[in-house]
Amino acid sequence: MLFSSLIAGFLLDCRARNLSKHTILTYDSALRLICNFLEDPPPEAVTLSDLRRYSLDLQQRHRYGAGRHPWMTETEETLSPWTVHSNLRPVKTLFAWATTEEILPTNPAERLRLPKLPKGCVDRFTDEEIDRLLEVTKSPYYRDYAIVFLLLDSGLRRGELAALAVADVDMTTGLITVQHGKGDKWRQVRVGDVCRKVLWIYINKHRS
């Protein structure tokens, strides 16, 4: 069995437990990254040293910028400390599940420590809180759902989102142009495929 097969089994179990689509997509995205980084080895061959090497690589991408790696896609860019965390947590969840299910004899991620976040950072939403937030905003007004999804995926400030025009969103690339950000500065942020789909549905189906 390859690491990718273990991931597939884990995601299948997540669906069987009726976890939300958002949670499953989050797991899938993060686990595909480490699978590519490790070059899809047998899961029993993955060691704590491998996981620490991956953690260090993610942190270096945050510190030194998006120096390209062979396993990175063209759309991947510098990671924030919070993104580093969100990519490592599913790894620990995967191996905990694999040992509980007795697929693996030991958990190599048990002693994997997550890097410290910068001091003064705000508390992030848990996956469960995000699921509840999206669930209550999805109906009856899809607009609220699209707004919340965009805020979560892009990190836009409230005022930046309020000033956003449809023309500022590139549905092909996922790039969003903020015309007047903090300090009246122009900047761009990128959103993922799922967020682009949500925005497309809102603009083409629900927007008057």
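Here goes a summary of the coordinates provided. The numbering scheme is per chain: residues are counted from 1 as the chain's sequence reads. Totals for whole chains, interfaces and linings use every residue, but because this is a predicted model, local features are given only for residues with pLDDT of at least 70 and side-chain atom pairs only at 80 or more, for both listing and counting. Side-chain numbers come from the whole structure's heavy atoms, not from hydrogens or water.

Side note on helix H2 (residues 21-38)
Spanning 18 residues, H2 covers 26 Å between terminal C-alpha atoms, matching the ideal 26 Å at 1.5 Å per step. Buried within H2 we find Thr23, Ile24, Tyr27, Ala30, Leu31, Leu33, Ile34, Cys35, Phe37 and Leu38. Helix numbering and strand numbering both begin at the N terminus, where a helix is a DSSP run of H or I of at least 4 residues and a strand a DSSP run of E of at least 2. Once H2 finishes, Glu39 follows within two positions and takes phi at roughly 65 degrees, a positive value. Under the convention used throughout, the expected extent of a helix is 1.5 Å for every residue step, that is, one less than its residue count. Under the scheme applied here, a residue whose accessible area is under 20% of the maximum for its type counts as buried, over 50% as exposed, and between as partly exposed, the area being computed with a 1.4 Å probe on protein chains only.

Observations concerning the nonpolar core
Inside soluble globular proteins, nonpolar side chains tend to come together where they are buried. The nonpolar core is taken to be a set of buried Ala, Val, Leu, Ile, Met, Phe, Trp, Tyr and Cys residues, with the residues joined through side-chain atoms within 4.5 Å. If you look at the biggest cluster of nonpolar residues, it comprises 29 residues, and the most contacted ones within it are Phe3, Phe10, Leu31, Ile34, Leu51, Leu94 and Phe95. Where this core is concerned, the elements lending two or more residues are helix H1 (3-16), H2, helix H3 (48-64) and helix H4 (81-100). If you tally residues by element for this core, the top one is H2, at 8 residues. Any two residues having at least one pair of non-hydrogen atoms within 4.5 Å are treated as being in contact. Aside from chain neighbours lying at most four places away, what touches Phe95 is Phe3, Pro43, Val46, Leu51, Leu104, Asn107, Pro108 and Ala109.

Some points on the environment of Val91
Along the chain, Val91 turns up in helix H4. Along the chain, Val91 and Leu31 lie 60 residues apart, while their C-alpha atoms are 6.5 Å from each other. Apart from residues no more than four positions distant in its own chain, Val91 is found in contact with Leu31, Ile34, Leu51 and Ala109.

Side note on helix H6 (residues 142-154)
Taking 1.5 Å per residue, 13 residues should reach 18 Å; H6 reaches 18 Å between its end C-alpha atoms and fits that length. Listing the buried residues of H6 in full gives Tyr142, Tyr145, Ala146, Val148, Phe149, Leu150 and Ser154. Check the buried side of H6 and you find it contacts helix H5 (127-137), helix H7 (158-162), strand S1 (175-178), strand S2 (187-190) and helix H8 (193-206). Backbone geometry just downstream of H6 places Gly155 in the positive-phi region, at approximately 75 degrees.

Re the environment of Pro90
Mapped onto the elements, Pro90 comes out in helix H4. For Pro90, a relative accessible area of 3% puts it in the buried group. The spatial distance from the C-alpha of Pro90 to the C-alpha of Ala30 is 6.6 Å, given a sequence separation of 60 residues. Setting aside chain neighbours within four positions, we find Pro90 in contact with Tyr27, Ala30 and Leu31.

A closer look at the packing of aromatic side chains
The aromatic pairing rule takes the rings of Phe, Tyr and Trp, using the six-membered ring of Trp, and pairs them if the centres are within 6.5 Å, calling planes under 30 degrees apart stacked, those over 60 edge-to-face and the rest tilted. Overall, the coordinates contain 6 aromatic pairs when judged by the stated rule. Here the aromatic rings of Phe10 and Trp97 are separated by 5.4 Å at their centres, their planes lie at 65 degrees, and the arrangement is edge-to-face. You can see Phe10 sitting in helix H1 and its partner Trp97 sitting in helix H4, a full 87 residues away along the chain. Summarising the burial analysis for this pair, Phe10 and Trp97 share the class buried. Between Tyr145 and Phe149 the ring centres are 5.8 Å apart and the planes differ by 70 degrees, which places this aromatic pair in the edge-to-face class. With a gap of 4 residues between them, Tyr145 and Phe149 both fall in helix H6, about one helical turn apart. Among the aromatic residues, those joined into a ring-pair cluster are Phe10, Tyr27 and Trp97.

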